[in-house]
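So the chains spell out like this:
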Amino acid sequence: NGATADIAITSHGSDWYWTVCALMTVSSIAFIGLSFGKPRTHRLFHYITAAITMVAAIAYFTMGSDLGETGIRPEFIRTNPKVSGTLREIFYVRYIDWVITTPLLLMDILLTAGLPWPTILYTVLIDEIMIITGLTGALVTSSYKWGYFVFGCLALFWVVWTLVWTGRKHAAAIGSDVSKTYIIVGTWTAFLWFLYPIAWGLSEGGNIISPDSEAVFYGILDIMAKPVFGALLIWGHRGIEPGRLGI
Ligand code: RET
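Quick summary incoming for the structure in this document. (Residues numbered from 1 in each chain as written. Predicted model: local features only at pLDDT ≥ 70, side-chain atom pairs only at ≥ 80, totals over all residues. Heavy atoms only, no water.)

### Let's talk about the site of the ligand
- In the vicinity of the ligand, 16 residues are found, and the nearest of them are Trp98, Met130, Trp193, Tyr196 and Lys226.
- In this structure, an oxygen atom belonging to the ligand sits 3.5 Å away from a side-chain N or O atom of tyrosine 196.
- Contacts to the ligand include lysine 226, whose side-chain N or O atom sits 3.3 Å from an oxygen atom.
- Every element with two or more residues in the shell around the ligand is listed here: α3 (93-112), α4 (117-139), α5 (145-174), α7 (195-205) and α8 (211-236).
- Broken down by element, the shell around the ligand gets its largest block of residues, 4 residues, from α5.
- Here the residues of the shell around the ligand sort into 11 nonpolar, 3 polar and 2 charged. (Near = heavy atom within 4 Å. Polar contact = N/O pair within 3.5 Å; in protein donor to acceptor, adjacent residues only side chain to side chain. Helix = DSSP H or I, 4+ residues; strand = E, 2+ residues; numbered from the N terminus. Nonpolar A, V, L, I, M, F, W, Y, C, P; charged D, E, K, R; others polar.)

Okay, here's the thing in structure tokens:
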């Protein structure tokens, strides 16, 4: 566990996790605050987006406290002093966060495109495969971990395809304002989500960067993919009647 892992976060990593926790908390309050300006029938995107940052705030509370982690013994040992040792700290709580929040992010995006629910459900299921294969691979100590990584990447390709192709066509059919909002949040998401497997390969996968660097990499990505994404989405919906999206 973290108490004995020799490749683990330091107080710098922990301070950064607390900073991100504070940001997620403030964002949640802001999204809920903004919902009060709308009738209940027009709050769906506020609620989904606030739930995303609330879950993240708790995950970051956990990681700031150096909890929700375990040690794995990679079968290869690196000579880089920053990542050498026998036990690397793996924050499995990240994946508990993602298995809840990535489906919610997809709902935010795919509901904006007015996609039928079977398409949304299928995309969410494939997304869950992506997260769970990532968790499994992170905990595997042999090179089999890269097999799970490949499954996860295939799932990501399918999800991103749905975002940039299927979703874009549906959004365009609803109207130019919906299309514009969809393209902003969809492109932002497609770009950011491809950076997550890179962070994974360098940390849980290859043990190439230290857990403190991992904290910074994933932390910046999570800020972009949750609060910044949420602000763009809610701003984009300011003039869109939910009825036009079939909700
Ligand atoms: C993993 C490893 C396995 C291969 C792939 C991954 C992708 C993860 C993604 C995570 C997105 C997280 C978000 C969190 C909330 O802000 C699981 C790292 C492809 C895309 C957006």
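Moving on, there is more to tell.
### Here we look at unusual backbone geometry
- Here aspartate 66, not a glycine, exhibits a phi torsion of approximately 60°, which is positive.
- By the element assignment, aspartate 66 lies in the loop between α2 (44-64) and β1 (70-72).
- One non-glycine residue, asparagine 207, lies in the positive phi region at around 55°.

### What to know about the packing of α3 against helix α6 (residues 176-193)
- At a minimum axis distance of 9 Å, the contact between α3 and α6 shows a crossing angle of 150°. Considered as vectors, α3 and α6 are oriented roughly antiparallel to each other. Our pair here, α3 against α6, has a crossing hand that is left-handed. On α6, the residues that touch Thr102, Leu105, Leu106, Ile109, Leu110 and Thr112 of α3 are Val178, Thr181, Tyr182, Thr189 and Trp193.
- Across the contact of α3 with α6, the residue classes tally to 7 nonpolar, 4 polar and no charged. (Axes fitted to C-alpha atoms, helices over the stretch in contact; angles between N-to-C directions. Parallel < 35°, antiparallel > 145°, perpendicular 65-115°, else oblique. Left-handed = near helix turned anticlockwise from the far one by under 90°. Contact = heavy atoms within 4.5 Å.)

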